[in-house]
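Geometric and topological summary
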Protein chains: 2
Amino acid sequence: MFDKVVIVGTGLIGGSFALGLKAARAATTIVGLERSPAALERAHRLGIVDAVASEPRAALAGADLVLLAAPVAQTGAILAALLPWLEPHTIVTDAGSTKSDVVAAARAALGDRVGQFVPGHPIAGRESNGPDAAIADLYRGKKVVLAPLPENDGAVVARVADAWRRCGAVIHMLAPAEHDRVFAAVSHLPHLLAYALVDDIARKPHADLLFQYAASGFRDFTRIAGSSPEMWRDISLANRAALLGELDAYMAQLSDLRARLAAADGPALEAVYANAQRARCAWIEAIEAAEQPPAPDQESGK
Amino acid sequence: MFDKVVIVGTGLIGGSFALGLKAARAATTIVGLERSPAALERAHRLGIVDAVASEPRAALAGADLVLLAAPVAQTGAILAALLPWLEPHTIVTDAGSTKSDVVAAARAALGDRVGQFVPGHPIAGRESNGPDAAIADLYRGKKVVLAPLPENDGAVVARVADAWRRCGAVIHMLAPAEHDRVFAAVSHLPHLLAYALVDDIARKPHADLLFQYAASGFRDFTRIAGSSPEMWRDISLANRAALLGELDAYMAQLSDLRARLAAADGPALEAVYANAQRARCAWIEAIEAAEQPPAPDQESGK
């Protein structure tokens, strides 16, 4: 149970965390702190937050838990602004898609108070954004990766894990660098590839003709190219080293496939396609089994 | 109106054509011709076809229209088997995903009877296959591309277009080579890219860890990698020249993006991502407007 929770950034991610905690009756008061007055007012009107704050001092007074759900590139500036009002018992966590850069920013901003910061990454989202997209069930049955620091006390990490579990999430632990390598492969690279394909087609002289015949396969393949360009620019830059490594491996794979195709090597093409189909099918079966939501009352103690 | 329609291959594509014609009361008798006795029997039991045939002679006697809905690589062999029993008034069309190779196979198999063959490609599908996946509405509001030959009489092409319109489809016309260039870009390349990514990840030593954290964006991006490896091997080979051209353009695009990423050039990355997001958004709006299904009785005359 939390007395006061502060959500910095009351959009989809922060708003859904607030609604999840409220639905579980796990927080007495939730305060929104947000650079956009319109989004903050909207979150208040929607009942996502109980109170609003436009500056850190009032927001942080007596806070148990602070969730940063703002663009990752702002992490350092936000933590620096919070630091003067950060009480010794307050725990700060985040929801950023990259972790090595967040850890570096947190160390730089918080110095010897960095033990109060537990890096995190909820693996959940929707196509829409903003407070109106927030739902209490966003994290139910979904993974939240925590990437604790050596400076984090075990009890502090457990407290953050508890908050996410109250929202229905399943907690996983990865080291920050490992987290970033994993998500470079399964999330950041696919985003770059989808953006690259749509941009490639859109720049062709006969783009209108091409788009006219794009169908449902293209729609699904490129859905992630509908994501925020600013956010994915930041993620690409923040996780540049790991993303370059994955991109190089993929480009080598494409070069190999190109050679097989140019040689009309049907069996080699089919072997790659069949291996991919098998692996994807096994993966789908595994996630469908794993994403059965846990019982809502799995944990009733504090 | 058709007296006798023959469906060669009674799976999703052929079966849905049969059901669409039946729903529109546009065919008196539909006969299934299929290499798999089990699929043929299933199609008959499901009411997709009124009669079954295991060899072309009986199937083709008195037929008005024949739809080939078998793998494209079999087009030449099927047409050669049909030719001896092909009556002068019978029209043959197909549903293959590539057209230049189908036209070449048809010319080789049919010789001076090729004017009876109208190449076609319905742009519709579902995740599942086989007769059980067939539905009468599969083509409603969807595009069907016809790629007529110089040898096709206008009335013959109109008859094929009429059959598809009875199923609710919207007819588009493209030359075979133009069709193949368009679908190389918006369909065949995305399939190759999705297969390549899943195979790339599946071959890594830590594949299990990676798949564990793949989420909904990855699921959509790779959905087309769940497609039939044999079918996509055949399509890749059949449309090899156009697909190589698109793949080369895409690899050049990735090389450029890689250089921008390595240089940490945020504005250049954002420009590509934002152009892609804008283009995709405009495309989604356009297809949502265009895919409003036509009124069911748009055409009541023959």
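Predicted model only: the values in this text are computed from it and were never measured.

Time to look at the sheet that holds strand 5 (residues 91-94) of chain A. Sheet strands associate in pairs through backbone hydrogen bonding, adopting either a parallel or an antiparallel arrangement. Residues and elements named next belong to chain A. Taking strand neighbours across the sheet as the criterion, the six strands line up as 3-2-1-4-5-6 in an open arrangement whose pairing is parallel. Unpaired on one side and paired on the other, strand 3 (51-53) and strand 6 (117-118) mark the two borders of the sheet. Summarising the sheet, strand 2 (residues 27-33) and strand 3 pair through three bridges and their orientation is parallel. Bridged to Gly32 within strand 3 is Val52. Packing of helix 1 (residues 12-23) onto the sheet brings it into contact with strand 1 (2-8), strand 2 and strand 4 (65-68), and relative to strand 2 it is tilted by some 165°. Sheet contacts for helix 6 (residues 154-166): strand 1, strand 4, strand 5 and strand 6; angle to strand 5, the most-contacted strand, approximately 55°.

Once that is clear, we can look at the relation of the copies chain A and chain B. With an RMSD of 0.0 Å, the fit of chain A onto chain B corresponds to turning through 180° and sliding 0.0 Å along the axis. The operation mapping one copy onto its partner corresponds to a two-fold rotation axis. Of every C-alpha in chain A, the one belonging to Phe221(A) sits nearest the axis of rotation, 2.0 Å from it. A shared binding surface is used by both copies, with 100% of the interface residues of chain A retained as interface residues in chain B.

All names here are of chain A. With a phi angle near 50°, Arg25 is a residue other than glycine that sits in the positive phi range. Note on Arg25: 9 C-beta atoms within 10 Å, which makes it exposed. Non-glycine residue Ala264 carries a positive phi angle of around 55°. The residue Ala264 is located in the loop between helix 11 (240-262) and helix 12 (266-290) in this model.

A few words now on the domain arrangement of chain A. All names here are of chain A. By the assigned domains, chain A splits into domain 1 (2-174) and domain 2 (178-262). Using C-alpha coordinates to define each centre, domain 1 is positioned 30 Å away from domain 2. Partitioning the side of domain 1 that touches domain 2 into residue classes produces six nonpolar, four polar and two charged.

This part takes up the pairing of strand 8 (residues 143-146) of chain B. Residues and elements named next belong to chain B. Bridging between strand 7 (residues 120-122) and strand 8 involves three bridges; their strand directions are antiparallel. Bridged to Gly120 within strand 8 is Leu146. Bridge analysis of strand 8 against strand 9 (residues 170-173) gives four bridges, and the strand direction is parallel. Directly across from Leu146, in strand 9, lies its bridge partner Met173. With helix 6 (residues 154-166) bridging strand 8 and the parallel strand 9, this β-α-β connection has right-handed handedness.

Turning next to the environment of Arg42(A). Residues and elements named next belong to chain A. On the secondary structure map, Arg42 appears in helix 2 (residues 37-45). When the 19 C-beta atoms within 10 Å are taken as the criterion, Arg42 is described as partly exposed. As for Arg42 and Gly11, which are separated by 31 residues in sequence, their C-alpha atoms are 9.7 Å apart.

Calculation rules
- Residues numbered from 1 in each chain as written.
- Chains lettered and ligands numbered in written order.
- Predicted model: local features only at pLDDT ≥ 70, side-chain atom pairs only at ≥ 80, totals over all residues.
- Pairing = 2+ DSSP bridges.
- Helix = DSSP H or I, 4+ residues; strand = E, 2+ residues; numbered from the N terminus.
- Contact = placed C-beta atoms within 7 Å.
- Axes fitted to C-alpha atoms, helices over the stretch in contact; angles between N-to-C directions.
- Least-squares fit on C-alpha atoms with pLDDT ≥ 70 in both.
- Buried ≥ 20, exposed ≤ 12 C-beta atoms within 10 Å, placed from the backbone.
- Domains from an automatic or database assignment.
- Nonpolar A, V, L, I, M, F, W, Y, C, P; charged D, E, K, R; others polar.
- Right-handed = clockwise from strand over helix to strand, strands pointing away.

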